[in-house]
Amino acid sequence: MEALVVKLFAGITSIKASYVELRMAKNPYNSDAIQVADQSVVDELKSISELKHSFLKNKLDLSPQITMMLAEIQEQQSLMKTYEIMIKKLELEVDRKDSDLHLSRRN
């Protein structure tokens, strides 16, 4: 049961990272990035849905140690993805402010 919960939380973290990616793709608008991020959210929701159906049918085949390790890896990768997205956002904000500063100095 613990492996199931860990796997579920890892999936939720992946959805969160994909959602952040989706939000970032909207400003500035990037249709390709939006489609990729949207598909990532859909894939993670499908994965959680499959986990739910397996649980309800008592067809879970989860080796606790391996599942927990893989879920931890998935969660760490998702967190890294979220941090990378936030770094990009901050870099864009710095670039924008730098550009604004240069424009104000010219005037």
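The preceding data block contains the structure.
This report concerns the structure included in the present document.

## Considerations on the overall build of the chain
Moving on, step 1. Across its full length, the chain carries three helices and zero strands.
Moving on, step 2. Beginning at the N terminus, the succession of helices and strands in the chain can be written as α-α-α.
Moving on, step 3. Taking 2.2 N^0.38 as the reference for a compact globule, 107 residues should give roughly 13 Å; the C-alpha atoms of the chain span a radius of gyration of 19 Å, well beyond that estimate.
Moving on, step 4. Going through the 107 residues of the chain one by one, you find that 22% of them count as buried.
Moving on, step 5. Summarising the internal contacts of the chain: among those between residues at least 6 apart in sequence, 79% fall at separations of at least 24.
Moving on, step 6. As displayed, the chain has an accessible area near 8,300 Å², and 57% of this comes from carbon and sulfur atoms.

## Comments concerning the side chain of Ser-40
Moving on, step 1. Counting through the fold element by element, Ser-40 comes out in helix H2 (residues 31-56).
Moving on, step 2. Residue classification places Ser-40 among the buried positions, given a relative accessible area of 18%.
Moving on, step 3. Reaching out from Ser-40, the side chain makes a polar contact with the side chain of Ser-18 at a distance of 2.6 Å.
Moving on, step 4. Once residues within four sequence positions are removed from consideration, Ser-40 is found in contact with Ser-18 and Lys-81.

## Side note on a nonpolar patch on the surface
Moving on, step 1. On the surface, a cluster of nonpolar side chains totalling about 730 Å² of accessible area is made up of Met-1, Val-5, Leu-8, Phe-9, Ile-12, Phe-55, Leu-56 and Leu-60.
Moving on, step 2. Looking at the nonpolar patch, the elements that each hand over two or more residues are helix H1 (2-25) and H2.
Moving on, step 3. Counting residues per element, the nonpolar patch draws most heavily on H1, at four residues.
Moving on, step 4. Structurally, the position occupied by Met-1 is in the segment before H1.
Moving on, step 5. Given the relative accessible area of 68%, Met-1 is considered exposed.

Conventions used here
- Residues numbered from 1 in each chain as written.
- Predicted model: local features only at pLDDT ≥ 70, side-chain atom pairs only at ≥ 80, totals over all residues.
- Heavy atoms only, no water.
- Helix = DSSP H or I, 4+ residues; strand = E, 2+ residues; numbered from the N terminus.
- Rg over C-alpha atoms; globule rule 2.2 N^0.38 Å.
- Buried < 20%, exposed > 50% of the residue type's maximum accessible area, 1.4 Å probe, protein only.
- Contact = heavy atoms within 4.5 Å.
- Areas by Shrake-Rupley, 256 points an atom, 1.4 Å probe, with all protein chains shown as cover.
- Polar contact = N/O pair within 3.5 Å; in protein donor to acceptor, adjacent residues only side chain to side chain.
- Patch = residues over 30% accessible without salt bridge, like charges linked within 9 Å, V, L, I, M, F, W, Y side chains within 5 Å.
- Salt bridge = Lys/Arg side-chain N within 4 Å of Asp/Glu carboxyl O.

So yeah, pure geometry; function would need other evidence.
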